[in-house]
Amino acid sequence: TLYGLPALGEQHPLAHPSMTSQSFYGLPQILREAGYGTFFFYPGDPRFDNMNGFLPSNGFDRLVSQNDFAPEVPRNSWGVTDRALYTKALDVLAGAPAPFFATIMTISSHKGYNVPDDIPGFRAPSDASDENIYSYADRALADFFAEARTQPWYDSTVFVVLGDHGQRFDPVYEVPLAYHHVPLIIYAPGMVAARTEHGHGSQPDVPSTVLALLRLPHTNNMLGRDLLAAPATLTYFGSDARLCAIDERYYWIR
């Protein structure tokens, strides 16, 4: 998503020895070169998947992780809660000079979760634990936006809300589309008219789309495209060792 690259088979670019020795050029570097401060907020262990090695070497000025939270901050097996992470991000960004680029990676709904009780007035609405954690994640995100609206940078910010791809556990089909059909919401009042775009897109398209909205000149060596420029008739994506492509008529798996 950040560097405009599809999933690379069964490789792990953040940690694989063949890749950690090279640089990846994408949204963080382009924005930093344009004068943006760059922040990555992660709720878990910064050593996971070599995040504390990869991210500072590839465009991020600061990595905030669970090590930056007080011991009493609630967390599950993966890290601090969404509410705690959003609160920390807002606190850090309140003191950051504009412009800035912030990536906030939440993991509340990753398996191994518990439903936190750190949002005042929030009550789990269902007996189904999956529904409860999604309700919690939605409420934490809503509260984040409510607080962000009070910040001086809110009206000039492009917000991108993006779901992660899934993982196949005991699949019935080779590459179930349900695991790769994730939400992408771009929210920038005054810059993006409220509408639904129909067509196909993927995570590598995010950098090109954001840079087009910001009207920043840059060298584009990424594999995505601006999703708002024209309807996309097809897209491709990786799933472990398989390569997939889809258009309005066909779904191809190799």
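Rules behind the numbers
Residues numbered from 1 in each chain as written. Predicted model: local features only at pLDDT ≥ 70, side-chain atom pairs only at ≥ 80, totals over all residues. Heavy atoms only, no water. Pairing = 2+ DSSP bridges. Helix = DSSP H or I, 4+ residues; strand = E, 2+ residues; numbered from the N terminus. Axes fitted to C-alpha atoms, helices over the stretch in contact; angles between N-to-C directions. Contact = heavy atoms within 4.5 Å. Phe/Tyr/Trp six-rings, centres within 6.5 Å; stacked < 30°, edge-to-face > 60°. Buried < 20%, exposed > 50% of the residue type's maximum accessible area, 1.4 Å probe, protein only. Lys NZ or Arg CZ within 6 Å of the ring centre and 35° of its normal. Salt bridge = Lys/Arg side-chain N within 4 Å of Asp/Glu carboxyl O. Parallel < 35°, antiparallel > 145°, perpendicular 65-115°, else oblique. Left-handed = near helix turned anticlockwise from the far one by under 90°. Nonpolar A, V, L, I, M, F, W, Y, C, P; charged D, E, K, R; others polar.

Draft legend 1. Molecular detail of the sheet that holds strand β5 (residues 100-104). Strand order in the open sheet made by the 3 strands is β2-β1-β5, with parallel pairing throughout. Edge positions in the sheet fall to β2 (62-64) and β5, since each has one partner strand and no second. Each adjacent strand pair in this sheet contributes to an overall mean axis angle of 15 degrees, direction not counted. Of the pairings in the sheet, the one linking strand β1 (residues 37-41) to β5 comprises 5 bridges and is parallel in character. By the bridge assignment for β5, F40 is matched with T103. Packed on one face of the sheet, helix α4 (residues 82-94) meets β1, β2 and β5 and runs near 165 degrees to β1.

Draft legend 2. Region of interest: the packing of aromatic side chains. What the rule picks out here adds up to 16 aromatic pairs. Arranged with centres 5.3 Å apart and planes meeting at 85 degrees, the rings of F100 and W153 form a pair that is edge-to-face. Placement of F100 in strand β5 and of W153 in the loop between α5 (129-148) and β6 (159-162) is noted, with a sequence separation of 53 residues between them. On the basis of relative accessibility, which here comes to 15%, the residue F100 falls in the buried class. According to the relative accessible area criterion, W153 is buried, its value standing at 11%. The aromatic ring of F69 is capped on one face by K88, whose charged end is 5.2 Å from the ring centroid.

Draft legend 3. How the structure looks around the pattern of salt bridges. Evaluated as defined, the whole model comprises 6 salt bridges. Between D45 and R47 there is a salt bridge whose closest N-O contact spans 2.9 Å. Judged by its relative accessible area of 23%, D45 falls in the partly exposed class. Using a relative accessible area of 61% as the deciding quantity, one classes R47 as exposed. D143 is the partner of R139 in a salt bridge, and the nearest nitrogen-oxygen pair spans 3.2 Å. Of the two residues, R139 and D143 are both situated in helix α5; the distance of 4 residues between them amounts to about one turn of the helix. According to the relative accessible area criterion, R139 is partly exposed, its value standing at 29%. You can call D143 partly exposed: its relative accessible area is 25%.

Draft legend 4. Representation of the packing of α4 against α5 within the structure. The interhelical angle for the contact between α4 and α5, taken along N-to-C directions, is 20 degrees, at an axis separation of 9 Å. By the angle class used here, α4 and α5 are roughly parallel. When the axes of α4 and α5 are compared, the crossing they make is right-handed. Residues D82, R83, Y86 and L90 of α4 form the contact with α5, whose participating residues are Y136, A137, A140, L141, D143, F144, E147 and A148. Its residues assigned to classes, the contact of α4 with α5 shows 8 nonpolar, no polar and 4 charged.

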